[in-house]
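Residue strings, one per chain:
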Amino acid sequence: MKKVMAGKILLFLISLNLVASIVLAIGPPTCPADKTEGCSDDDWEGEFFPGIPKIKYEGPNSKNYLAFKYYNAEEEILGKKMKDWTRFSVAFWHIFRGMGGDPFGAPTKNWPWEDGTNSLAMAKRRMRANFEFLDKLGVELWCFHDRDIAPDGETLEEANRNLDEVVALAKKLQESTNIHPLWGTAQLFFHPRYMHGAATSPELAVYAYGAAQVKKAMEVTHYLGGENYVFWGGREGYQTLLNTDMGRELDHLARFFQAAVNYKKKIGCNATLLIEPKPQEPTKHQYDWDAATTANFLRKYGLADEFKLNIECNHATLSGHSCHHELETARLNGMLGNIDANTGDPQTGWDTDQFMTDISEATLVMLSVIKNGGLAPGGFNFDAKLRRESTDVEDLFLAHIIGMDTMARGLRNAAKIIEDGSLGELIKNRYQSFDSELGAQIEAGEADFELLEKKAFEWGEPKVPSGKQELAEMIFQSAL
C-alpha cells in the first residue's frame, strides 16, 4: 500500500514538474482587460482596453461615439494648432484611483485590471494602464499626486522607495514617446497627520514631514520631465479662528513656498510652480480662497514672480465666481498658468468634478486662453471623474472625448468671436470717452482731482450711454 502511495506521489510530482516546464517555456502570461486572475506579476503585460481603438477625429457628422467630432489636434486655429491651444492632460487620480465611492455609498467601479490591493505590483499595473489609455486617447500629458501612483509606506523612507520604483517604470514607459507629466504634486491632505494641514499645521514635525514629501515629489516630477508643479492646500486653512493663529499660519505657508522655490532652483528644475485656489472643502476656510486672494498673498510675501495659478472651474463657482471671472482675474494679474477643466452641478453645493460639457462656458474659458496667448507650459487638466453610476471601461474614454470636444468647440467659437470683431468693437465703444487727451492723462496717472473737478463743472451732468448687454449676449450666442 505504501509503495502504491509513493508511486502516486512521484507521478504527481513529475506531472507538476512537466506543467511548470510548459509554463516556463510559454513565458509570462498576458492579461487582457477581461481577465485578472493570475495577473499579479510585476511583468504583467497585455491590453487593458481591448476593443477600444485609437480615438481619431471624424468630424461633426460622425455617428461614432469613440471618435472626436470637434477636436482635430493638427488643425490650426488663429495661427496655432488646436493641440497647442489645449494641451490636454489626464488626471491619474480620477481615472485610475477614483472608484465611485461617496460618503453615502461604497465604490461602484470594478475595473478589470484591479486586484483589490494597493500593492506595489498593482501600482505598476495601473501605470501601464495609464500609458495605454493616453496612447489610445491621443493625449501626451498626465498629472499625478505622489500617493496616487505609488503606495504610502510605514516610514517616509519606504514611501520614497515605493515611489522610486513606480517612477522608474513611468520613465521607461515614456521612452520613444512624447508622453510626460503636465504636472505633479504631493498629496498633503489624505493622511491623518495632515488633519490640521501641512504647511499650516501647528505641529512642527508635520511641517517638516510635509516639506520632505514635497521635496521628493518635486524631484520625481523633474525626473519625469514634468512642466509644472502644483500646490493644492486642501487642509491649509482653518475650521475655527478660536484656536487658530492665522497670521502665524500664513507666515509659515509663505516660508514653505519660498523653500520650494529655493529647492526648485537648486536642482535645476524649470517647472512652473502653480497654486490652485479653492475656498473650502475639506476645510471650512482655505487660505487660497480665490484667484484675487492668492495673488494678494503672493505679492505680500514677495512670491508673485515665482508662482502662477492653476484655476479650477468648479472651485471658481464654490467661491461665488464664474470660471471666466477667475481666469480673467488670474490673467490680468499675469498669473494664469493652468486650468483644471471641470464643472460642478448648480443644484449641489460641493466639488462634484464633472467633465465640462457646457459649450457656452467652454467658449468663455477659451476667450481668456486666447487673450492669454495660450497656457504653455500649462494646459487643460481634466480634473474630472466619471459619475458614480458610470461603470463601463468605455465610459472613461467617452467622458474624455466629450470633454475634449467641448473645449474644442469653445476654441472654435472663441476664434469666431475674435475674428468677427463685433464684440470687441462693442467693448471698445463703451470706453471710447477715455480715448481722449484727458482719458490718456487719467490712465497715465497724471490727472489730479483739481483738474477733474474743473472738467466736471465745465461739462455739467454727464450723458450716460447704454451698456448694450443684450446686444453683447446676442453677439456671443450667435457664435455658438
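Computed from a predicted structure; not experimentally measured.

Visitor: Describe in detail the confidence of the model for the chain, supporting the description with residues and values.
Guide: Residues with a pLDDT of 70 or more make up 91% of the chain, whose mean pLDDT is 91. Confidence over residues 1-41 falls short of pLDDT 50; this stretch has 24 contacts with residues more than four positions distant or in other chains.

Visitor: Would you mind going over the packing of helix α4 (residues 120-137) against helix α13 (residues 393-420) in detail, with residue names and values included?
Guide: At a minimum axis separation of 11 Å, α4 and α13 run at an interaxial angle of 45°. With respect to each other, α4 and α13 are oriented oblique. α13 is crossed by α4, and the crossing has right-handed handedness. Each of F133, K136 and L137 in α4 lies in contact with α13, whose residues at this interface are L396, F397, H400 and M404. Taken together, the residues of the contact of α4 with α13 break down into five nonpolar, one polar and one charged.

Visitor: I'd love a proper account of the state of the cysteines, names of residues and values included.
Guide: Scanning all chains against the criterion turns up one disulfide. Each disulfide pairs two cysteine sulfurs, and for C313 the partner residue is C323, the sulfurs being separated by 2.2 Å. Note on the C313 and C323 pair: the S-S dihedral is about -50°, so by sign convention the disulfide is left-handed. Of the two residues, C313 sits in helix α10 (residues 313-318) while C323 sits in helix α11 (residues 323-332), which places them ten residues apart along the sequence. Across the pair, C323 and C313 agree in class, each one buried. Note on C269: no disulfide assigned, nearest cysteine sulfur contributed by C143 at a separation of 14 Å. For C269, a relative accessible area of 9% translates into the label buried.

Visitor: Give me the lowdown on the sheet that holds strand β14 (residues 380-382), citing residues and values where you can.
Guide: Pairing between the strands of a sheet comes from backbone hydrogen bonds, and it takes one of two forms, parallel or antiparallel. Taking strand neighbours around the barrel as the criterion, the eight strands line up as β5-β6-β7-β8-β10-β12-β13-β14 in a closed arrangement whose pairing is parallel. Direction aside, neighbouring strands of the sheet carry axes that sit 30° apart on average. As paired strands, strand β5 (residues 88-91) and β14 are joined by three bridges and run parallel to one another. Bridging across to β14, S89 finds its partner in N381. The strands that helix α7 (residues 204-223) touches are β6 (141-145), β7 (180-185), β8 (228-231) and β10 (272-275); relative to β8, the one it contacts most, it runs at about 155°.

Visitor: So what's going on with the nonpolar core? Residues and values would help.
Guide: A general feature of soluble globular proteins is that nonpolar side chains tend to end up buried together. By size, the foremost hydrophobic cluster in this structure holds 110 residues, and its most contacted members are F49, W142, I149, V365 and F380. No other element matches the twelve residues that α13 contributes to this core. Leaving out residues up to four positions away in the same chain, I149 has contacts with F92, A123, M127, W142, F144, L163, V166 and V167.

Definitions and cut-offs
- Think of each chain on its own: its residues are numbered from 1, step by step along the sequence as written.
- For a predicted model such as this one, the threshold for reporting local features is a pLDDT of at least 70, and the threshold for listing and counting side-chain atom pairs is 80 or more; totals across whole chains, interfaces and linings nevertheless cover every residue.
- Note: side-chain values were computed over all heavy atoms of the structure, leaving out hydrogens and water.
- By definition, pLDDT measures how confident the predictor is in each residue, and it falls between 0 and 100.
- It only takes one pair of heavy atoms within 4.5 Å for two residues to be counted as in contact.
- For helices, the fitted line uses only the C-alpha atoms of the stretch in contact; every axis is such a line through C-alpha atoms, and the angle between N-to-C directions lies from 0 to 180 degrees.
- Strands here mean DSSP runs of E at least two residues long; helices mean DSSP runs of H or I at least four residues long; both are numbered from the N terminus.
- Note on angle classes: values under 35 degrees are labelled roughly parallel, values over 145 roughly antiparallel, values of 65 to 115 roughly perpendicular, and the remainder oblique.
- Crossing handedness is defined as follows: a turn of the near helix away from the far one that is anticlockwise and smaller than a right angle gives a left-handed crossing, while the clockwise case is right-handed.
- Just so you know the grouping, Ala, Val, Leu, Ile, Met, Phe, Trp, Tyr, Cys and Pro go in nonpolar, Asp, Glu, Lys and Arg go in charged, and all remaining residues, Gly too, go in polar.
- Criterion for a disulfide: a pair of cysteine sulfur atoms at a distance within 2.5 Å.
- When accessible area is computed with a 1.4 Å probe and restricted to protein chains, residues below 20% of their type maximum are described as buried, those above 50% as exposed, and intermediate ones as partly exposed.
- Two strands form a pair only when DSSP identifies at least two bridges running between them.
- Residues belong to one nonpolar core when they are buried, are Ala, Val, Leu, Ile, Met, Phe, Trp, Tyr or Cys, and are joined through side-chain atoms within 4.5 Å.

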